[in-house]
Amino acid sequence: MKLDATDLRYITSDEFRVLTAVEMGSKNHEVVPLSLIVQISGLRNGGVNKLVGSLAKRNLISKVQNAKYDGYRLTYGGYDYLAMRALSKRDSMHSVGNQIGVGKESDIYVVADSEGNEMVLKLHRLGRVSFRAIKEKRDYLGKRKSASWMYMSRLAAQKEWAFMKILHEHDFPVPRPIDQARHTLLMEFIDAYPLRQISEVPHPGKLYSTLMDIIVRFAHAGLIHGDYNEFNILIRRDSGEPVIIDFPQMVSTSHENAEWYFNRDVECIRTFFRRRFRYESTLYPRFKKTMEESSEGPGFQLDVMVEASGFGRKEMKVLEEVSLCSKTARAQPYIYF
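Structural notes, computed from the coordinates. All of these numbers come straight from a predicted model, not from anything done at the bench.

### Quick notes on the overall build of the protein
Looking only at helices and strands, the protein has 11 helices and 13 strands in total. Of all intrachain contacts in the protein linking residues separated by at least 6 positions in sequence, the fraction that spans at least 24 positions is 68%. Surface exposure of the protein reaches about 16700 Å², of which carbon and sulfur atoms provide 47%.

Rendered as structure tokens:
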């Protein structure tokens, strides 16, 4: 689903009321009946008929006919519009530019504020892979079956926001988070190349050491990136310094599989440097030693701080299960700017 913001400015307040009503009805209905949309929106029945027709033509909702009753589903396009309207009403975002990246479960766009300052808008789209996979496993959400893809995408954005915010506050090399709404995340635009696009660097050993130091620094703060590779590392054009992105899969060092995640992050960097730059070092961090060093450090645990901020273990567990299902369903790397 490609974001098309062309009609956003032409959507009326009543159409947004209907769109919101479909979203709310989706929490307990796979297909939201028209009568419920009328009830939630508080608009006249005849008026709602016309409005749902207009929204359906724009592919913001889709009409579904089944044996029990006819009704509507919210589409990714409709969810995009609800999120962008929320960001716009908060004066966080004013305009939408070109798409600059696409991943297996996210889309990336350049956007701008009212003063023309460029930012990056990330839209999580877990329904692209994960939702189809988790439906075969179990229902995590009770009555929320029809809204699972919206809920999961929203969880992913909330988790990434929580981690990026606290990492930025503690001076980790991550983008500055600006705002978050539903399944979207707004962050600063960084003039950088993805590491995967770089064929050579002046000092591969220095970059290698810096990246390994970041892994260790994450761990000392109680965190493991979980997907630390050339697709999620940007290199600034001006300074050559790395910036780490993509945090929905981040886990705590207290996780039962923490050592496995830590070792995988380390091995991803070692493998990439060996293949791309023909650089290999016998020096690399070990989980147990890193944890021993951590116990002697300042003692602040960012994983605990994130949980205290409102994104708890239950939500973490749900996203972790979804991530595992997604990797089983299809292996496809992220493509960033």
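Still more ground to cover, so stick around.
### Quick word on the side chain of Thr75
Relative to the assigned elements, Thr75 resides in the loop between strand S3 (70–74) and helix H4 (76–89). The buried category is assigned to Thr75, whose relative accessible area is 16%. A distance of 3.0 Å separates a polar atom in the side chain of Thr75 from the backbone oxygen of Leu60. Filtering out sequence-adjacent residues up to four positions away, Thr75 remains in contact with Asn59, Leu60, Ile61, Ser62 and Trp149.

### Things to note about unusual backbone geometry
You will see that Asn59, though not glycine, has its phi angle at about 65°, which is positive. Here Asn59 lies in the loop between helix H3 (45–57) and strand S2 (61–65). In this structure, Arg182 is a non-glycine residue whose phi angle is positive, near 50°. Tracing the chain through its elements places Arg182 in the loop between strand S7 (177–181) and strand S8 (184–188).

### Here's the deal with the nonpolar core
Counting residues in hydrophobic clusters, the biggest one holds 43 residues, and the most contacted among them are Leu167, Leu195, Leu211, Tyr228 and Ile269. Listed by contribution, the elements that provide at least two residues to this core are helix H6 (148–169), S8, helix H7 (204–220), strand S10 (223–224), strand S11 (233–236), helix H8 (258–276) and helix H10 (302–308). When residues in this core are grouped by element, the largest group, 8 residues, is from H7. Residues contacting Tyr228, with those up to four places away along its chain left out, are Leu211, Ile214, Ile215, Phe218, Ile233, Ile244, Asp265, Cys268 and Ile269. Leu8, Leu43, Val52 and Ile61 belong to the second largest nonpolar core, which has 38 residues in total.

### Brief notes about the pairing of strand S5 (residues 106–112)
Counting buried positions over the 7 residues of S5 gives 7, a clear majority of the element. Across the two faces of S5 the burial is the same, with Ser106, Ile108, Val110 and Ala112 and Asp107, Tyr109 and Val111 all buried. Two elements, strand S4 (residues 95–102) and S5, share 5 bridges in a ladder whose sense is antiparallel. Its bridge partner lying in S5, Gly101 is registered against Ile108. Hairpin connection, S4 to S5: the antiparallel pair is bridged by 3 residues. Relative to strand S6 (residues 118–124), S5 runs antiparallel, the two sharing 7 bridges.

Rules used in this analysis
Residues numbered from 1 in each chain as written. Predicted model: local features only at pLDDT ≥ 70, side-chain atom pairs only at ≥ 80, totals over all residues. Heavy atoms only, no water. Helix = DSSP H or I, 4+ residues; strand = E, 2+ residues; numbered from the N terminus. Contact = heavy atoms within 4.5 Å. Areas by Shrake-Rupley, 256 points an atom, 1.4 Å probe, with all protein chains shown as cover. Buried < 20%, exposed > 50% of the residue type's maximum accessible area, 1.4 Å probe, protein only. Polar contact = N/O pair within 3.5 Å; in protein donor to acceptor, adjacent residues only side chain to side chain. Core = buried A, V, L, I, M, F, W, Y, C linked by side-chain atoms within 4.5 Å. Pairing = 2+ DSSP bridges.

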